[in-house]
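Structure assessment
Each chain, letter by letter, is given below.
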Amino acid sequence: MSAPLAERLRPQNLDEFIGQKHLVGKGAVLRRMIDAGRIPSIIFWGPPGVGKTTLAHIISNTVNTHFYKLSAINSGVKDVREVIEKAKSNRFFNNAAPILFIDEIHRFSKSQQDSLLNAVETGTVTLIGATTENPSFEVIRPLLSRCQVYVLKSLEKKDLEELLLRALTEDLILKEKEIDLKETSALFRFSGGDARKLLNIMDLLVQAGGDGKIVITDQLVTERLQENPAAYDKEGEMHYDIISAFIKSIRGSDPDAAIYWLARMVAGGEDPKFIARRLVISAAEDIGLANPNALLLANACFDTLQKIGWPEGRIVLAETTIYLATSPKSNSAYLAIDAAIAKVEQTGNLPVPLHLRNAPTSLMKELEYGKEYKYAHDYDNNFVKQDYLPMELKNCRFWEAQSNSAEAKMNELMKKLWGH
């Protein structure tokens, strides 16, 4: 039996690699490092099927060094130490350090991550970790500080089109088939920016089509996937679809649907901390200022889970889920910070107005740092009008109140103070 299409098409060098142009496109930061053969320890953070493992292999091939791979799911401290000893024995003078690739590094415990520290710090190995979780939460600080973190993105439509064309024109098996690609909307929709999922779907369609002509339409793709859900939801990939349904149910104020998807995760053995983190994010992103207590409860849920463990933790998750789903919703804070970041990117590092600057030295005072600053508590109602933004952004608005009672009160106060 031939290898899966995704494996047959795995890129061997950067010229064959599709997507992640911000990292490996011509002149991009990671591309320059790889081409120069100077690779630091790296953590790749991104969703499944975007090339984290492939990039690690390409780096190893390019710098021509030994490559060791561990999966955090079935490797322990003993395995890590054995690999490090092998790496020491295979390290030659002036050669690049062997690469230790750890898939799903977020699943490594603190002690497992601690066992990597010395080898990474001394250059015995170059660590490349892959994670679908925010490394700030899951990777210990000493290890994180010794690594460069690069964010990989879901593939865009043009990337998926390029990948599909390559599969049809370069794969030895698909080239022999008569394939008529009439429609691609369903293919791209079901793949969700995941290269491996797209190729798995193509594998399924080709296998189901036998030796005859295969006409790929949106209807055919939908029918085949409904008949064979396991064929494209490889180990654990459904986990991302379920957490997506869970969060969207909370955002949509449907407590029954949210509890159902929570139950699916609990029954499926999902990591409770993973669920709790998503609840914290949802409380800030989707409930926000409409009910600030939601963030307090979500944080309390996270803390309580670590204290009481499982199975009682499921009750805490359920309480928080229902509370968030039934809370009023606002994303005004989320929109405000994104609008402000966009303005920063557009205008650059505008100078801080003199009256807002700190003046710890006599020279700074002579330069009138802080000279005309008005201390709000010296005025009635602890407020005085003055400019807090750079001059170029005077009267710029980022936060807009949304239609809920909590923000209505906040907005009324701002109107009273500022007159707008």
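Position numbers for residues start from 1 in each chain and track the written sequence from start to end. Residues qualify for local features only when their pLDDT is at least 70, as the model is predicted, and side-chain atom pairs are given and counted only at 80 or more; totals for whole chains, interfaces and linings, by contrast, use all residues. Side-chain calculation: all heavy atoms of the structure are included, whereas hydrogens and water are not.

**Observations concerning the confidence of the model for the protein**
- Residue-level pLDDT values for the protein average 86, and 93% of them are 70 or greater.
- A score between 0 and 100, pLDDT records how confident the predictor is in each residue. Contact definition: two residues touch when any of their heavy atoms are within 4.5 Å. Confidence drops under pLDDT 50 across residues 232-236; counting only partners more than four residues distant or on other chains, this segment forms ten contacts.

**Here we look at the pairing of strand E1 (residues 42-45)**
- Across four bridges, the pairing between E1 and strand E4 (residues 126-131) is parallel. From the neighbouring strand, Ile42 faces E4, where its bridge partner is Ile128.
- The pairing of E1 with strand E5 (residues 148-151) spans four bridges and is classified as parallel. Its bridge partner being in E5, Phe44 is matched across the sheet by Tyr150. Strand pairing follows a simple DSSP-based rule, namely that at least 2 bridges must link the two strands. Here a helix means four or more residues in a row that DSSP labels H or I, a strand means two or more in a row labelled E, and each is numbered from the N terminus.

**Digging into the nonpolar core**
- Within the largest apolar cluster, 47 residues are counted, with the highest numbers of intra-cluster contacts made by Leu30, Phe44 and Leu187.
- If you tally residues by element for this core, the top one is helix H12 (residues 195-209), at eight residues.
- In contact with Leu187, other than residues within four places in its own chain, are Leu164, Leu181, Leu198, Ile201, Met202, Leu205, Ile216 and Val221. Buried Ala, Val, Leu, Ile, Met, Phe, Trp, Tyr and Cys residues form a nonpolar core when they are joined through side-chain atoms within 4.5 Å. Throughout this description, buried means an accessible area under 20% of the type-specific maximum (1.4 Å probe, protein chains only), exposed means over 50%, and partly exposed covers the range between.

**Some words on helix H4 (residues 52-63)**
- For H4, built from twelve residues, the straight-helix expectation of 16 Å at 1.5 Å per residue is met to within 8% by its first-to-last C-alpha distance of 17 Å.
- Most of H4 is tucked away: nine of the twelve residues are buried.
- Along H4, the positions that sit buried rather than exposed are Lys52, Thr53, Thr54, Leu55, Ala56, Ile58, Ile59, Ser60 and Val63.
- Looking one or two residues beyond H4, the residue adopting positive phi is Asn64, at roughly 55 degrees. An expected span of 1.5 Å times one less than the residue number is assigned to each helix.

**Looking at the side chain of Thr53**
- If you trace the backbone, Thr53 turns up in helix H4.
- Not counting the four nearest positions on each side in its chain, Thr53 is found in contact with Arg10, Lys69, Phe101 and Asp103.

**Overview of the pairing of E4**
- For E4, the buried fraction is high: six of the six residues fall into the buried class.
- Side chains Thr126, Ile128 and Ala130 project from E4 onto one buried face, and the interleaved Leu127, Gly129 and Thr131 project onto a second face that is buried too.
- In terms of strand pairing, strand E3 (residues 99-103) meets E4 through five bridges, oriented parallel. Within E4, the residue paired with Leu100 across the bridge is Leu127.
- We call a crossover right-handed when, viewed with the strands running away from us, the connection from the first strand over the helix to the second turns clockwise. In this region the chain leaves E3, passes through helix H6 (residues 110-121) and returns to the parallel neighbour E4; the handedness of that crossover is right-handed.

**Comments concerning the side chain of Ser332**
- When you line up the elements, Ser332 lands in helix H20 (residues 332-347).
- For Ser332, a relative accessible area of 1% corresponds to the buried category.
- We call two N or O atoms a polar contact when they sit within 3.5 Å, provided that within protein one can donate a hydrogen and the other can accept it, with sequence-adjacent residues counted only if both atoms are side-chain atoms. Side-chain polar atoms of Ser332 contact the side chain of Trp399, separated by 3.0 Å.
- Setting aside chain neighbours within four positions, we find Ser332 in contact with Leu289, Trp399, Glu400, Gln402 and Glu407.

**Concerning the packing of helix H17 (residues 272-287) against helix H18 (residues 293-308)**
- Look at H17 against H18: their axes get within 8 Å of each other, and the N-to-C directions meet at 170 degrees. Considering the angle they form, H17 stands roughly antiparallel to H18. From H17, Pro272, Lys273, Ala276, Arg277, Leu279, Val280, Ala283, Ala284 and Ile287 reach across to H18, where they touch Ala294, Leu295, Ala298, Asn299, Cys301, Phe302 and Leu305.
- Ten residues, namely Ala, Val, Leu, Ile, Met, Phe, Trp, Tyr, Cys and Pro, are considered nonpolar, four, namely Asp, Glu, Lys and Arg, are considered charged, and the remaining ones, Gly among them, are considered polar. For the contact of H17 with H18, a count of residues per class yields 13 nonpolar, one polar and two charged. Angles here are taken between N-to-C directions and fall from 0 to 180 degrees, while the axes themselves are lines fitted to C-alpha atoms, restricted in helices to the stretch in contact. Note on terminology: angles under 35 degrees are roughly parallel, angles over 145 are roughly antiparallel, angles of 65 to 115 are roughly perpendicular, and the others are oblique.

**Examining a nonpolar patch on the surface**
- A contiguous nonpolar patch, built from Tyr373, Tyr375 and Tyr388 and spanning about 330 Å² of accessible area, is present on the exposed surface.
- Taking relative accessible area as the criterion, Tyr388 reaches 40% and is therefore assigned partly exposed. In this analysis, a patch consists of residues with relative accessible area above 30% that form no salt bridge, clustered at 9 Å for like charges and at 5 Å for the nonpolar side chains Val, Leu, Ile, Met, Phe, Trp and Tyr. Method for areas: the Shrake-Rupley scheme with a 1.4 Å probe, in which residue coverage is limited to the protein chains shown. Here, a salt bridge means any side-chain nitrogen of Lys or Arg that lies within 4 Å of a carboxyl oxygen of Asp or Glu.

**Remarks on the sheet that holds E5**
- The five strands are arranged E2-E3-E4-E1-E5 in an open sheet whose pairing can be described as parallel. Looking along the sheet, the strands with just one partner apiece sit at the ends: strand E2 (67-71) and E5. Neighbour-to-neighbour, the strand axes of the sheet open up by a mean angle of 20 degrees, direction not taken into account.
- Where H4 meets the sheet, it contacts E1, E2, E3 and E4, and its direction lies at approximately 175 degrees from that of E3.
- Where helix H5 (residues 77-89) meets the sheet, its contacts fall on E2 and E3, and the angle it forms with E2 comes to roughly 180 degrees.

**Details of H18**
- With 16 residues, H18 should reach 22 Å at 1.5 Å per residue; the first-to-last C-alpha distance of 22 Å fits that figure.
- Every buried residue of H18 is listed here: Ala294, Ala298, Cys301, Phe302 and Leu305. Burial along H18 is one-sided: seen end-on, the buried residues are contained in an arc of 95 degrees. The outward face of H18, more than 90 degrees from its buried face, is lined by the exposed residues Leu296, Gln306 and Lys307. The directions from the helix axis to the C-beta atoms form the arc being described.

**Overview of unusual backbone geometry**
- In this model, Trp310 is joined to Pro311 through a cis peptide bond whose omega is 15 degrees.
- Among the secondary structure elements, Pro311 is positioned in the loop between H18 and helix H19 (313-326).
- Positive phi, normally seen in glycine, also occurs at Glu104, with a value near 55 degrees.
- Following the sequence through the fold, Glu104 ends up in the loop between E3 and H6.
- We note that Asn395 has phi near 70 degrees; this positive angle belongs to a residue other than glycine.
- Among the residues examined, Asn395 registers a relative accessible area of 66% and is labelled exposed.

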